[in-house]
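# Summary of structural features
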Amino acid sequence: MTDKTGLTEVSTETSTVSADSAVPTAPATTDASSPTAPETGSVAEVPLTTDQLEREGDIAADYIEEFLDICDLDGDIDIDARNGRAYLSVKASDADNLRVLSKPETVNALQELTRLAVQNKTGSFSRLILDIGGSREAREAELATLVARAIERIVAGSREADLPAMSSYERKLVHDIVAASGGYRSESSGEGRDRHTVITAA
């Protein structure tokens, strides 16, 4: 069995992935961007211990390893625990190897399935974050650009600037970016899939 922090040794001959046939099964649950997913300004939940987060990471790594095997893809799986979440990063020496999986929509879908797999094993809601081929760093850069444009609208005279609907994790990133910008504040507005961030001058 492949070490969680090592290389998953599989062939790279397959270039396409079927979402219906390739994904290991997991039970159904609510969407992670629903009000049940914690974020800035929501009621704080009891933080998980480091051991619990490491267990989440191990379970998630097993699930992703199986997924990569099914897809005939190579990937280094790294596990980390920070800010009360387990983080799983999948990287490859050949960037093209994970290109089909690193698209934002694909990463988000696979993250939800991985969370479900973890929840099925632990019995607790998972806030695990999955990164494939640097997809999260790319998304953070996009969010920083969105915040910068929103601030430009406020400087130009707008009272506030609304960003598109996002997951609780992305809204948390936006809150952090706005807080670091100085002179502006942000808060979440809306319900369910329509929940988004509103930026105003402080």
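Here, every reference points to the structure presented above.
This structure is a prediction, so every number in the text was calculated from the model and none was measured. (Residues numbered from 1 in each chain as written. Predicted model: local features only at pLDDT ≥ 70, side-chain atom pairs only at ≥ 80, totals over all residues. Heavy atoms only, no water.)

### A word on the pattern of salt bridges
Tallied over the full model, the rule gives seven salt bridges. With its nearest N and O atoms 2.7 Å apart, the salt bridge here joins Arg-82 to Asp-80. Beyond isolated ion pairs, a larger network of salt bridges with shared partners links Arg-139, Glu-142 and Glu-170. (Salt bridge = Lys/Arg side-chain N within 4 Å of Asp/Glu carboxyl O.)

### Thoughts on the side chain of Glu-170
Its place among the elements puts Glu-170 in helix α5 (residues 168-181). Its relative accessible area of 8% is what places Glu-170 among the buried residues. If we ignore the near neighbours within four places in the chain, the residues touching Glu-170 are Arg-139 and Leu-143. (Helix = DSSP H or I, 4+ residues; strand = E, 2+ residues; numbered from the N terminus. Buried < 20%, exposed > 50% of the residue type's maximum accessible area, 1.4 Å probe, protein only. Contact = heavy atoms within 4.5 Å.)

### Comments concerning the sheet that holds strand β6 (residues 184-189)
Strand order in the open sheet formed by three strands is β5-β7-β6, with antiparallel pairing between adjacent strands. Edge positions in the open sheet fall to β5 (160-165) and β6, since each of these has one partner strand only. Strand-to-strand twist in this sheet, taken as the mean axis angle between neighbours without regard to direction, amounts to 20°. Of the strands in this sheet, β5, β6 and β7 (196-201) touch helix α4 (residues 135-155), which is tilted by about 155° from β5. In the packing of α5 onto the sheet, the strands contacted are β5, β6 and β7, and the crossing angle to β6 comes to about 165°. (Pairing = 2+ DSSP bridges. Axes fitted to C-alpha atoms, helices over the stretch in contact; angles between N-to-C directions.)

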